[in-house]
Each structure stands twice: as C-alpha cells, then as structure tokens.
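Structure assessment
Chain by chain, the residues run as shown.
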Amino acid sequence: MKKFQIISILALTFVSAIANAQNISPVDFMKTNPYKLRSNPSSDLPYDSHVSIGLGNICGDIRNLNFRLDNVFRYDASGRPSVIDLKNFANSLDPENGFNSILDLEVLGFGKKSKHGYVTYSHRVRFQLSSTISDDLFQMVAFGNAASTGPDNPIDVNVGLNALCFQEFALGYQIKATPHLSVGGRVKFLLGVGEAKSEALSVKLFTDCEDYSLRAFEDMAVRMTSPMPFQIANNKFEFENSRFNVADLLHSPGFGIDLAAEYHFSGHLSLMAAVNDFGFIRWKKNGVVLNGDIVDNGHFYDDGAFLFQGVEIYELESIFSDGEHQNQYFDNLKDYFTFETESTDAYTTMLHTNILLRGTYAFNDKRRLMSQLQFYCSGLGVRPALTLAYNATLNKTFDLCATYSMMKNSFDNLGFGFTCNLKFFHIYAATNNIIGCFKPLNTSGMNIQAGFVFTVIDKNRH
Amino acid sequence: MIKKVVLALACFSFLLTSCTKQRYEFDNVNGVYADGEFLLPLVKASYSFDSLVDRLQLDTMMTFDESGGIHYMLNYDLDKVVDGKKILFFKDIDADTHFSVPNPYPAVLPEPVDTTLIFTQTVTLSSDFISVLMAEICSGSFDFEISSNIPELSRIIIRSSEIKDANGADMCLVYNPSSGHAGLDLAGFLYETETENTVNINYEVSFTAYDFTAPELNFDVMLHVTDLHVSRMRGRIMNYSLRHVFDTVFDLFPKKVEGVASVCDMHVRLMERNDFGMDARLYIDTVLVSGDGVPSYTVFDPLTVPVLESHEFVEVLDKKVHGALNMVSDNVYASGLFVLNPEESLDIVNVNDTSAIDVKIAVDLPFAFNVQKVSYTDTLEVKTSDFDYPEIIQEIDVDLEFLTDLPFNLGVNVYMYDSQHQIITDTLTSNARIQGSFDGTKKASTIVAKVTEDRVNNVLNSDGIILSFTLNTDAHDVVLNLKQCVEFTSKAYVRYNGNVDFNKE
C-alpha cells in the first residue's frame, strides 16, 4: 500500500510537469477553512456551523497564459523600460494566447451540522471570463506580412470570447457515507445576469504572392445578453432603458450541481474526485447577436471580401495633397467593416465546469501533502492544471498552506495562504502566486482569495 | 530553526527580485523596435487613350469616329478674304472742264438783259474694278470750284439727272458765285446712268448782260470727286485679283510634349463661300510647313481651285498630305491669288459691298504617325513629406507593371522632386522601357525601382514626382485609337529594422 501511495504521488507529480496549472487557491487545500467546500463539496468540516455575510469569500482569479511585460520591453541599465520590443513580444506568444478571469463574491453563506452530515447554503455572484487571441496580429505588426503570403497562409486574427455572469443560490449537503467514503454535493439555482460568447470573431488577411494585393475577410458572430435591453449604434453600447429594475435579473434561470466523493484508503492516503459547476442557464430575454461581415461600400468590395489592390491613380494626388479628402478616404475604408445586431431567441449556455482529481497524503493529523489534477472546461476548450500543496495546522490557530504551480514559461508560482482560527471566526487570505502579487504584469496569473467567517466549533470532534 | 530562517530568506529574495519599482516606469519608454517586411499594393490605373486626352488638354481639338479613331482638328476661319467694300468704290478724281462760248451781246446794251447759259460737263468716274450703271452711294462728295469771266453772275445752278436724292429728285446744287466753292455730300444718293461710270452735270449760269464786250464767255469748272463708295451696284465687275497670305503658328500639343513625328494621311480641306454673284478662282501657289527640328517642306504642289458662286460654304479642296510635325508648334505659310470674274465676263451683275469670299481651312490630323522620339514630361504633386514615416525603413522595392496595347514604346524616367529647393532628390528609374504593341496584342512590361536605406529619406521627403517619357514607334506607322489602353499597377516591398522614437520632432 505504501508503494502504491508513493507511486500515485509521483505519477501525479510527473503529470504536473506537462500540464498547465490554473484557477487554484491554497484555500482549497486548507484543513479547517470552510471554503474548501467550494472545490470539494464532500470535504469534512470540523464545525457545528458557520455564517458569512458579504465578506465571507471574495475571490479573484486572473490567468494570463502568454502576455508578459518583460517580453514587451527592452530595459536600460537601471532596469527601466526604454523601448517596446515588438519582435521579442511577438516571438514570446503562442499560436493561441489565453486570458481568463474569475470573480466570485459570496453575498450570504451559512452551514449547519446535521445528524449525519453538514448542510450548507450560499448565495454568490459569479463572473467568469475566458478569452483567446491568436498571435497573428502581433506577428504582423512585428514582422510584417511578407511571411504570410499565398492562398493557404493568411494572417488569421482569431479572438475567442466566453463571458458569463450569474447569481448562484446553492443548497449543499455533505455526509460520511462509510468510514472511508465521504460524499457531498450542491444543488444550485442560477439566475443569469449577462453573457457574451463569440461563435466567430476573426479577420483573415491574405497577401497575394504576385501582385501583393490584400484580401480581408471578416467573420463576426457574437452573442450577447444583458439584464436590460440594449443597442449598439455608431460603435457605442447603450441601454435602452435608463432605469434598472430588480425584476430585470429574473429573466434567465438556470440549474447546476456540484458533486464530489472522497475515499480514504488508509489513515494517510485519500483520493478525491469532484465535478463542480455542471449546469446551464437559459437566457430568455434581451439576447442579441452581432453579425459582422464585409459590406459592399464601393470598389474595394469583391465577392464578400475587402480587396485592396492599390489606390486609384486619380485619387493618389488628392490623398497626398488634400487633408480632408485623405480623412474621407480612410473613413470610407472603415465603412467596409461593419456589423449589425439582431435579436435572438432564447438559448442555453453551459457553465464553465471544473473536474478535479486530488490525492492527499497525510503525514499526520497536522501535516499533509496534496497533488491535484484539474480540468477546466470554459467553452473555449479544456485546460488541464496541476498543483502540489503542503498544508500544516499550527496550534489549532493557524492553518497554513503552501502551493507550487507550474505553468508554461513560468516556474515561480509559489502560493501561500493562511487561515487564522479565532474563537468564533475565521479570517483568511491566500494567493496561489505570491511572487505574482508583486509583479502582476509579468506573471501567468494569480488567484487571491480572502474572507471573514463566523464559525462554531463542533465540540464533539474537538 | 535554521531551516526556517533559510526558508524565510529564500522567500524574501524572491520578493526582492520581483519588487522592482523601476520596472514599471513606463514614462521612460521612448520608442518601438521593429524588424520586419511588408508587401503592399500601391497604385493602380487603367488609362484608355481618352483619359490621356484630358491629361494632355486635347479635348477641344479632337474628334473621334465610330471605330474609336482619333482625329486632331485644326480650324481656321478667314472672313472676307475678298471684301466687297474694297471693290465697290471710285477713285478720287479732279474733273476740270473749260467752257467757252462767243459773247452773244457785242456791244453795250441799252438795258441789262438777264441771261442764262447752260453748260454740260460729262465726268467719267474712275474705277479699276467696276463699271456701274446703277448704284446706291454710301459715302462720298462732289466739290465744285468755278471760275468765269462772265460779269455780274447772279447764280449758278448745278444739276444732274443721273444723281438723285432719296426722294427721287435730281441732284440740284445752288452755287453762290461770291463764295467760289460749293460741295455736296452724296451719301444716300442714287446714281443711275445709261453710260457706265459717267455722270452728266449741267451748270445753269445766270447773269445780267449789260456792258460786256469780251468776245467770248469763259466758264471753268473744277469738280473734285472724293471718297466715293457705293453700297450696292448694278453693272459689271472687271477682273479683280487679290493675293492673300496665310502665315500662322499652331500648337499641336501642350508644352509637356516635345519631339517630331511623321504624320500620315493628314487631310487639308478648304471650304469657301462666294456671294458676289459671279464665279471666282483661287490659285494656291505656296504651302510650306516648318518647325523646330522640321526643315521647311512643301505640303502640296501649286494648284487652282474654282470658287463658284454660293451663299453657303462649299468644300472646294480635300487633299491628303504627308509630312513631319513638331509636337510643340509648327509654322504654316500659304499664299494664294483670289481672282474674281476670272473669265472676264461682261454680264451685268448686282453686287453689294457686303459681298465677300470667306474661307474655312480645316486640317484633319488622324493619330497615325511614325515617331522616332517624342518626349512628354509631367509632374505629380505627391507630398510624401506630409506623412510621418518611421526612420527605420531600410529598403523599398517598387515594382511597376504595365500591360498595354498602345502602339508605341515608352522610355521612362521617374524622379523625386523637391519643389522648395528646386532640386531632384532621387532618381527612381532611369531609361526603363515599356514595350508597345505593334500587332494589336497586349504587351507586358515591368520596371523595378530599388531604394536602399541611404536613399529612403530622399524619396520619402519629397513633394513631387517627375515622370519623363520618351516615345517611339520603332519605325512603324501606327494608328492611335480610343480603345487602346494601358493598365498599370505598382507594388512595394518594404523592409524595416530599428527603433521608432516617439518624441521625434
């Protein structure tokens, strides 16, 4: 059994070398923090009850997979940025570059130990953003278009966007089903606030090898929903009604569940599996689709594309010598790239589901080593992540946790968190990238979570 | 304990390496470094020949036929080459007549006797060109000077039945002997005679005879005919000839085009209108053309052209000629003799002083020519200096591609020009060639202009482009047509490397 334990941890560690870690908080690995239930609903809490109002859990997560400030600039002898280095910046990017963000605020939460388990309730406001952008735009700005010629080699600026904001009303229950197995889950009623998702958002630019003509295709299909009806006119976003009504938040209901199970093989080793945020939201009102395409605005239009083969000779002199004509000329070019909005029927979106696999080795009652494999499904793809964590409780007052996350092109992601258990309340703070807090523009991302919770200890257990 | 201290120091060192405030002093950023290559289309154009017409300002002088053929038209109007006013007049003359009659009264009379004597003077009006039987006088005068040995002249009445006033009354002038002079303005009078160009004038001399012993009575009349013009006449026109010289300079193209071309199938047309009521004839004896670089040559041999009577313009000559023309300007010298009534007909005709022979000359120059060297220069105002270009451009390669069925070769020189300092800042192309088409098919040509780093600044800070073309037809006789065209595209390869400073002034 011991060999199996060691092999399991090593295997998970090996996998970590090839995975990208993200969306991890040291709070998830703390033994006594009530908000470890957020990632593992089957986790056992040593409390009789807990209550939080407003400040129970404030969580922010930013994931910037590729953009690094240090790659943007050249620095002088004193360490100050002196020149924007487009070449270095473009080379530092991947073909697809992601930016994700999560904001999570618990409005009200409480839990109570029942006869067999632990019942929880929480009301949260949540925001999730996933976005990607291809590196072609930056490649073109840095290197030009000479390397992207021919019918099969366009400059493809592709942007992915998936944003979601909703309220969550969750009722949870955790129970120790057997001496070895704990299970838990949450049933969640959701109210959507707003959503934006890009079905297509790209511009392709083809450069002809022979005559260097530039042919651009625009493809835009972005779906958006907001609490109040809105319109986009003259490139401005405006709500049609100036007054906000609470009833505007009740148009888009949804449903979700969190499920988890943890099995203790022995007093030292346990494995946990969880599926969080498996659900959907039905957007019934104020849905709009932005469709963009090249429009026929003149002689640059060619079969659905914007085709630039050069300036007409009779316009050349006017453009160079007449400032007003020059402005009109370029304004006319912009009018080829337009979009229009149309209402959409009710539609359904899935939540960004999180799948966790966690192994824990408890050295003793106060010290534990954990390894977690996470799959985050954002609608723009599945991103695996892996974290190593070490948790220690000191004097029953401090619950400390250190994490180490490995990310692509970044190896200094040391996380740290603490929970201070005072008699009737917990105060905690944690980040999965303490170094990133001091250099936020040069980090692949960080998670900051903090809160203030009132707790009542379960005397039967202490 | 030591382990804890080491761990704390290690963590602290991480913080130190991260926490560098200078790293975020973005105000210190002063530029952008870039290194790349761009491929760009620049300019395109499709010139059919009619668009070149606008550029060369030829639209007022060109006509086009149905097949697109182009004709360059030169028109000259010569009004009143033969002018009736210059024919219908009499020369100034002085008609001096002496009358002498024997004294009818030999001795002293017992009492005075009132006596009237009538003398008739026949005056022949002088003209080289007209014999008039009837005419309306529009200007002129008769002035009389009379002297006599007749005493006691009381009055002299001068009459003529051949000159009548507007009311039809005979000319009648009362001469006062004391003044010695009498005159008559004949404007508006009608002259009519049975003997051409003659006027009979009667002088009724009244005197009182009493003591006059001279054996003869003498009466001298001096008639001055001055500035006598008629507005209308009936009579005969004698053979009238007039030499007319046509000497003019015509500009073929605006000053931008220079050189000499051999022009084929040029048509010279003459149209004339002759309302004299009689035929005329034109003897063209000299037609010469000369120009800068074009030795003087005879356009065609001397010839005779009939100018028949007509109240409308009639084409009297249409001659095909060949020759060379200077593209800027040429001098034409032509000389001819107009002869009115060349057959010396004696027919009686009615002629007005508004009668005339008018001539129109039309030169139809089809755009069919053979050119050894014609040059055209144009300047485009392209203020590249108005744009801010980053100073990191290392090379610009501009390809100019032409596709044309115009039947002439073009040599091309392109210069960048600084109008402020009046200097050429760069030569983009020198002696490049655009192949013409002499078989009706489109020909492609490419001209490449490479601008290296040391010249980029000159090119991008100019405010004009000078285009200089030399044209030749490779010894072909070519015909230009409106449908012929040249398509032109240009593209550029730009290589850049370096820092672009934000604070560049």
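This one's a predicted model, so the numbers in the text were calculated from it and none came from an experiment.

The next thing to look at is the overall build of chain A. Secondary structure summary: chain A contains six helices and 26 strands in total. Partitioning the contacts of chain A with sequence separation of at least 6, the portion at a separation of at least 24 is 66%. Surface summary for chain A: the accessible area is close to 21,200 Å², and the carbon and sulfur share equals 62%.

Before going further, it helps to examine empty space enclosed by the protein. Residue and element names in this part refer to chain B. Under the counting rule described, the total for this entry stands at six cavities of 30 Å³ or more. Here the largest cavity defines a volume of roughly 450 Å³. Taken together, 31 residues form the lining of the largest cavity, with Phe246, Val287, Val332, Ala334 and Ile361 sitting closest to its centre. If you list the elements that add at least two residues to the lining of the largest cavity, you get strand E3 (70-83), strand E14 (240-251), strand E15 (257-274), strand E16 (280-291), strand E19 (310-326), strand E20 (329-340) and strand E22 (356-366). Looking at the lining of the largest cavity element by element, the count peaks at five residues for E20. Taken together, the residues of the lining of the largest cavity break down into 26 nonpolar, four polar and one charged.

With that settled, the discussion passes to the pattern of salt bridges. Enumeration over the complete set of coordinates arrives at 41 salt bridges over all chains. With its nearest N and O atoms 2.6 Å apart, the salt bridge here joins Glu168 of chain A to Arg126 of chain A. Residue Glu168 of chain A is found in strand E7 (residues 155-176), and its partner Arg126 of chain A is found in strand E6 (residues 117-134); the two are separated by 42 residues along the sequence. Here Glu315 of chain B and Arg269 of chain B are joined by a salt bridge, their closest N and O atoms 3.8 Å apart. Of this pair, Glu315 of chain B sits in strand E19 while Arg269 of chain B sits in strand E15, and the two are 46 residues apart along the sequence. According to the relative accessible area criterion, Glu315 of chain B is partly exposed, its value standing at 44%.

It is worth spelling out the nonpolar core at this point. All names here are of chain B. Core analysis: the largest hydrophobic core is formed by 133 residues, its most contacted members being Ile87, Phe144, Ile158 and Tyr203. The greatest single-element share of this core, amounting to nine residues, is contributed by strand E13 (residues 216-237). In contact with Tyr203, other than residues within four places in its own chain, are Leu117, Ile118, Phe119, Gln121, Phe144, Ile146, Ile156, Ile157, Ile158, Phe219 and Val221.

Residues and elements named next belong to chain A. The residue Leu351 is located in the loop between strand E19 (347-350) and strand E20 (353-362) in this model. Remark: the alpha-carbon pair of Leu351 and Asn276, spanning 75 residues in sequence, is separated by 9.4 Å. Apart from residues no more than four positions distant in its own chain, Leu351 is found in contact with Leu164, Phe166, Leu190, Asp277, Gly279, Phe280, Ile281 and Cys377.

Attention now goes to unusual backbone geometry. In this structure, Asp277 of chain A takes a positive phi of about 60 degrees despite not being glycine. For Asn197 of chain B, which is not a glycine, the phi torsion comes out positive at approximately 65 degrees. Among the structural elements, Asn197 of chain B can be located in the loop between strand E11 (190-192) and strand E12 (198-209).

So, on to the interface of chain B and chain A. In this assembly, 42 residues from chain B lie in contact with 48 residues from chain A. When chain B packs against chain A, the two sides together hide about 4,100 Å² of surface, and 62% of this comes from carbon and sulfur. For the chain B face of the interface with chain A, the top three residues by lost area are Arg23, Leu39 and Lys44 of chain B, together amounting to 17%. Connecting chain B to chain A are three salt bridges. Lys87 of chain A is paired through a salt bridge with Asp35 of chain B; the nearest N and O atoms lie 3.3 Å apart.

The next thing to look at is the side chain of His267 of chain B. Residue and element names in this part refer to chain B. With respect to the element layout, His267 can be found in strand E15. Engagement of the side chain of His267 in a polar contact is seen with the side chain of Asp318, the distance being 2.8 Å. Setting aside its immediate chain neighbours within four residues, His267 contacts Asp318, Lys319, Lys320, Ala362, Val363 and Asp364.

Let us now look at the confidence of the model for chain B. All names here are of chain B. Looking at chain B, the pLDDT average stands at 83 and 89% of residues meet or exceed 70. Of all the helices and strands in chain B, helix H1 (residues 2-18) carries the lowest mean pLDDT, 51, while E11 carries the highest, 96. The complex model carries a pTM of 0.66, and its ipTM stands at 0.75.

Calculation criteria
- Residues numbered from 1 in each chain as written.
- Chains lettered and ligands numbered in written order.
- Predicted model: local features only at pLDDT ≥ 70, side-chain atom pairs only at ≥ 80, totals over all residues.
- Heavy atoms only, no water.
- Helix = DSSP H or I, 4+ residues; strand = E, 2+ residues; numbered from the N terminus.
- Contact = heavy atoms within 4.5 Å.
- Areas by Shrake-Rupley, 256 points an atom, 1.4 Å probe, with all protein chains shown as cover.
- 1 Å grid on protein atoms, 1.4 Å probe; cavity = no way out; pocket = protein on both sides within 12 Å on 5 of 7 lines; lining within 4 Å.
- Points joined across faces, edges and corners; volume = space filled by probe spheres on them.
- Nonpolar A, V, L, I, M, F, W, Y, C, P; charged D, E, K, R; others polar.
- Salt bridge = Lys/Arg side-chain N within 4 Å of Asp/Glu carboxyl O.
- Buried < 20%, exposed > 50% of the residue type's maximum accessible area, 1.4 Å probe, protein only.
- Core = buried A, V, L, I, M, F, W, Y, C linked by side-chain atoms within 4.5 Å.
- Buried area = accessible area lost by both parts, 1.4 Å probe.
- Polar contact = N/O pair within 3.5 Å; in protein donor to acceptor, adjacent residues only side chain to side chain.
- pLDDT = per-residue confidence, 0-100.

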